[in-house]
Amino acid sequence: DTWKDPAYTGPAYKKIMVVALTKRPDLRQPVEDEFRRQLRSRGVDAAACYECIPDVDKISREELAKVGAGMGIEAFLIVRVLRADTRIESYRSSGAPTSSSVGRDSMMDMQWGAPDPPLTKRSEVATLESRLFDGKSAKLVWRSTAEAVDPAGDGRGIVRFVTVVLKTLADEKLLKL
């Protein structure tokens, strides 16, 4: 789900502050750092909010605007976790015994006619909202909601999520990439 303000015609932003609104420090810093890393690798000057405002409870619009103005920030990319869940999916393996294999003795069929146990896949899933605000007017310029899946639960889903968001912002000509 993506929306862009049709009245915004540019220019593309070149100096952005990334703000991850979550009380989970194990999520806030990696999200802000990954956005900053990918933005900088594309030539965009980017700042991570946690370095300026370490306490997420102290992030107010006024404080953010004040800090941003002092740094010359042109836009704020605010990412908020709407929901985080663990998704567990179970399914049968392709080699599950059929009625014709009952009584077969194999390593996979330890008991006569016993079906293979179901395979289980566990994934961390987060529904994230990203909003881009103009630094001067504080107007919402762009918004997107996406589901990020991290099958291993090791943070690689953050990299994929950030890549998709930045590609969309570049396609919309909102970032100078």
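Before reading on, note that the structure itself is shown above.
Residues numbered from 1 in each chain as written. Predicted model: local features only at pLDDT ≥ 70, side-chain atom pairs only at ≥ 80, totals over all residues. Heavy atoms only, no water.

Peer 1: What am I meant to see in unusual backbone geometry here?
Peer 2: Excluding glycine, residues mostly carry a negative phi; peptide bonds, for their part, are mostly trans. Cis geometry marks the peptide bond from Gly10 to Pro11, where omega comes out at 5°. Here Pro11 lies in the loop between β1 (2-4) and β2 (15-21). Phi at Ala138 takes a positive value of approximately 65°, unusual for a residue other than glycine. With respect to the element layout, Ala138 can be found in the loop between β5 (119-134) and β6 (140-150). Taking the relative accessible area as the measure of exposure, Ala138 reaches 38% and is therefore partly exposed. Even without being glycine, Lys173 reaches a positive phi, approximately 60°. Relative to the helices and strands, Lys173 resides in the segment after α4 (156-171). Lys173 gets classed as exposed once you look at its relative accessible area, which sits at 62%. (Helix = DSSP H or I, 4+ residues; strand = E, 2+ residues; numbered from the N terminus. Buried < 20%, exposed > 50% of the residue type's maximum accessible area, 1.4 Å probe, protein only.)

Peer 1: Help me understand the nonpolar core in this model?
Peer 2: The nonpolar side chains of a soluble globular protein tend to be buried, and buried together. In this structure, Ile16, Phe35 and Leu169 are the most contacted members of the largest nonpolar core, which totals 28 residues. At the level of elements, β2, α1 (25-41), β4 (75-91), β5, β6 and α4 are the ones that each hand at least two residues to this core. The greatest single-element share of this core, amounting to 6 residues, is contributed by α4. With 13 residues, the next largest nonpolar core counts Met17, Cys49, Ile73 and Phe76 among its residues. (Core = buried A, V, L, I, M, F, W, Y, C linked by side-chain atoms within 4.5 Å.)

Peer 1: Please explain the environment of Val44 as it appears in this structure.
Peer 2: Among the structural elements, Val44 can be located in the loop between α1 and β3 (45-48). On a C-alpha basis, the gap between Val44 and Lys176 in space is 6.7 Å, while along the polypeptide they are 132 residues apart. With sequence-adjacent residues up to four places away left out, Val44 is seen in contact with Lys14, Lys15, Ile16, Leu39, Lys176 and Leu177. (Contact = heavy atoms within 4.5 Å.)

Peer 1: Is there a simple way to explain the state of the cysteines in this structure?
Peer 2: In the structure shown here, the tally under the stated rule is 0 disulfides. Sulfur of Cys49: no disulfide; nearest cysteine sulfur belongs to Cys52 and is 6.3 Å away. Given a relative accessible area of 32%, Cys52 falls into the partly exposed group. (Disulfide = S-S within 2.5 Å.)

Peer 1: Which parts of the structure should I look at to understand the packing of α1 against α4?
Peer 2: Geometrically, a packed helix pair is captured by the angle between its two axes and the distance between the axes. The geometry of α1 relative to α4 is characterised by a closest axis approach of 10 Å and an angle of 50° between their N-to-C directions. The pairing of α1 with α4 is recorded here as oblique in orientation. Seen along the crossing, α1 lies across α4 with a hand that is right-handed. Together, Leu27, Pro30, Val31, Glu34, Phe35, Gln38 and Leu39 of α1 and Ile158, Val159, Phe161, Val162, Thr163, Val165 and Leu166 of α4 make up the contact between the two elements. Considering only residue class, the contact of α1 with α4 consists of 11 nonpolar, 2 polar and 1 charged. (Axes fitted to C-alpha atoms, helices over the stretch in contact; angles between N-to-C directions. Parallel < 35°, antiparallel > 145°, perpendicular 65-115°, else oblique. Left-handed = near helix turned anticlockwise from the far one by under 90°. Nonpolar A, V, L, I, M, F, W, Y, C, P; charged D, E, K, R; others polar.)

Peer 1: Please clarify how α4 should be interpreted in this entry.
Peer 2: Residues that lie three or four places apart on an α-helix share one face, since the helix turns once every 3.6 residues. Here α4 spans 23 Å end to end across 16 residues, near enough to the 22 Å set by a 1.5 Å rise per residue. Residues of α4 that are buried include every one of Gly157, Ile158, Phe161, Val162, Val165, Leu166 and Leu169, and no others. Down the axis of α4, the buried set is contained in an arc of 160°. They therefore lie on one face. Along α4, exposed side chains directed more than 90 degrees from the buried face belong to Val164 and Lys167. Of the residues trailing α4, Lys173 is marked for its positive phi of about 60°. (Expected span 1.5 Å × (residues − 1). Arc of directions from axis to C-beta.)

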